[in-house]
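Spelled out from the first residue to the last, the chains are:
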Amino acid sequence: MNAPLVFSAEVAAARQTGAPVVALESTIITHGMPYPQNVETAQTVESDIRAAGAVPATIAVMGGAIHIGLEPDALQTLAQASAVAKLSRADIAFALATGQTGATTVAATMIAAHLAGIAVFATGGIGGVHRGAQSSFDISADLTELAQTPVTVVAAGPKAILDLPKTLEVLETNGVPVITYGQDELPAFWSRDSGLPSPLRADSPDDIAAAHLMRARLNLPGGQLVANPIPANAEIPAATLAPIIARALSEADAQAISAKQVTPFLLQRIFELTNGDSLTANIALVRNNARLAARIAQKIAAR
Ligand code: PSU
Ligand code: MN
C-alpha cells in the first residue's frame, strides 16, 4: 500500500509538467509564530516561491492524509486551530492512523517531501542539540532525519537558542553536509554570524543542486543542510540577543519545560522579550530561504 498523500491542485499540476517544487513545513505556522502573522507569512512565502519560478508545497497532516500543498482555506484553518499536534518522525504515522490534525516539523516534512518526490525544502531554522543536552539528552530528530532522508533543507542555520558547536558535531558524525551560502561563517538564525566556521561553503544554487545530485549518484542516504544567512538589513546582532536567549532559557529551566515544548516556549519568550523584533527577523529569513530554495529546485529540475 502507498503512503496516504493528497496533492493540492497546484502541486498536482507541477508533478505533471515536472516543474520545480519547494516543500514548506507547518510547525512554523502552528508553533513558531502567533496568529495572524503565521498565516500571512505562510502566504507570503508561498508567493515568494511562485515569483521565483517554483511551486510551493506546504505540508501538514489532516483527515488521515499527508497534504502536499494546502489549499488557501486549509491553510487558514490550520493557522487558527488551537490543538494541533507537533509531528516529528516518531508521531507522524500514529497521527495519520488516528485521524489527528498535525503540523510537520523539519523531520516530518522531510519524510513527506521525499515520499512526494520533492528534493528541496525551505524553513526558518532547524532543530538541533539543546544547551544542557549532556543532562537533558534533548537533541532534535531533525538532525537524524537529515542523516537519512535525501532532501536539501534551506534554513538560516540552527536556531541560536541551541548549542551550535554540539549541533555541528552531531551533523558531522551523521554525515550531513552543512553548506553555508555565500560566506565562510555559519549563520545563527537571527544573526548572520555564529562565530563558528561553516564546514562547507557554496556561492551558487547550481553548486548546491550539483552536490544534491552527486549524493544520489554515490548512493549516500540523507540530505544536505544549506545555511542561508539572514539578510543584513533584517538581522538582530548576536550580542543583542545573547542576554535575551539566556533569560528565556533560565525561565524554561525554572518552569521545567521539556521535550516538544522547549522550542515553541523559547521562540514565544524571545518574541515577547524583543517586543516582536525576533518575529520580524524570522519572517525576513524564511522568505530569504524560500527564494534560495526555489533557485536550487530549478537547478535540480534543469539537471
Ligand atoms: N524554525 C522556526 N520556527 C519553528 C521551527 C523551526 O523558525 O517553529 C520548528 C521546526 O518545525 C523544527 C522544530 O523542526 O521547530 C524543532 O523542534 P524540536 O527542537 O522540538 O525538535
Ligand atoms: Mn527536542
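Just so we're clear, the structure is a prediction, and the values are computed from it rather than from any experiment.

I'm lost on the site of ligand 1 in this one. Help?
Inspection of the region around ligand 1 gives 18 residues, with Glu 25, Lys 86, Ser 140, Asp 142 and Thr 263 positioned closest. Relative to its unbound accessible surface of 470 Å², ligand 1 loses 95% to contact with the protein. Its residues placed into classes, the shell around ligand 1 shows four nonpolar, 10 polar and four charged. Each of domain 1 (1-118) and domain 2 (120-303) gives at least three residues to the shell around ligand 1.

What is the right way to look at the pattern of salt bridges in this model?
Working definition: two side chains of opposite charge can pair if their charged atoms are close together. Scanning all chains against the criterion turns up 12 salt bridges. Between Lys 260 and Asp 91 there is a salt bridge, and its shortest N-O distance comes to 3.0 Å. Taken as a pair, Lys 260 in the loop between helix 11 (238-254) and helix 12 (262-273) and Asp 91 in the loop between strand 5 (85-87) and helix 5 (92-98) lie far apart in primary sequence, 169 residues in all. The partly exposed category is assigned to Lys 260, whose relative accessible area is 32%.

Where do I start with the nonpolar core in this structure?
Nonpolar side chains tend to gather and get buried jointly when the protein is soluble and globular. By size, the foremost hydrophobic cluster in this structure holds 61 residues, and its most contacted members are Val 22, Val 120, Trp 190 and Ile 270. Ranked by residue count, the leading element in this core is helix 13 (residues 277-302), at 11 residues. Counting contributing residues, this core receives three or more from each of domain 1 (1-118) and domain 2 (120-303). Sequence-distant contacts of Val 120, defined by excluding residues within four places in its chain, comprise Val 21, Val 22, Ala 23, Val 151, Thr 152, Val 154, Ala 293, Ile 296, Ala 297 and Ile 300. Residues Ala 113, Leu 146, Ala 155 and Leu 186 belong to the second largest nonpolar core, which totals 38 residues.

Can you help me understand helix 12 in this one?
An α-helical turn contains 3.6 residues, so a residue and the one three or four places further along point in the same direction. For helix 12, with 12 residues, the first-to-last C-alpha span of 16 Å sits near the 16 Å given by 1.5 Å per residue. For helix 12, the complete set of buried residues consists of Val 262, Thr 263, Pro 264, Phe 265, Leu 266, Leu 267, Arg 269 and Ile 270. Those residues of helix 12 that are buried are in contact with strand 5, helix 11 and helix 13.

Got a minute to help me understand the packing of aromatic side chains in this structure?
The geometry of two aromatic rings is summed up by the distance between their centres and the angle between their planes. Applying the stated criterion across every chain yields a total of one aromatic pair. Each ring, one from Phe 189 and one from Trp 190, has its centre 4.7 Å from the other, and the planes form 80 degrees; the classification is edge-to-face. Lying over the aromatic face of Phe 189, Lys 159 brings its terminal NZ or CZ to 5.9 Å of the ring centre.

Parameters and conventions
- Residues numbered from 1 in each chain as written.
- Chains lettered and ligands numbered in written order.
- Predicted model: local features only at pLDDT ≥ 70, side-chain atom pairs only at ≥ 80, totals over all residues.
- Heavy atoms only, no water.
- Near = heavy atom within 4 Å.
- Areas by Shrake-Rupley, 256 points an atom, 1.4 Å probe, with all protein chains shown as cover.
- Nonpolar A, V, L, I, M, F, W, Y, C, P; charged D, E, K, R; others polar.
- Domains from an automatic or database assignment.
- Salt bridge = Lys/Arg side-chain N within 4 Å of Asp/Glu carboxyl O.
- Helix = DSSP H or I, 4+ residues; strand = E, 2+ residues; numbered from the N terminus.
- Buried < 20%, exposed > 50% of the residue type's maximum accessible area, 1.4 Å probe, protein only.
- Core = buried A, V, L, I, M, F, W, Y, C linked by side-chain atoms within 4.5 Å.
- Contact = heavy atoms within 4.5 Å.
- Expected span 1.5 Å × (residues − 1).
- Phe/Tyr/Trp six-rings, centres within 6.5 Å; stacked < 30°, edge-to-face > 60°.
- Lys NZ or Arg CZ within 6 Å of the ring centre and 35° of its normal.

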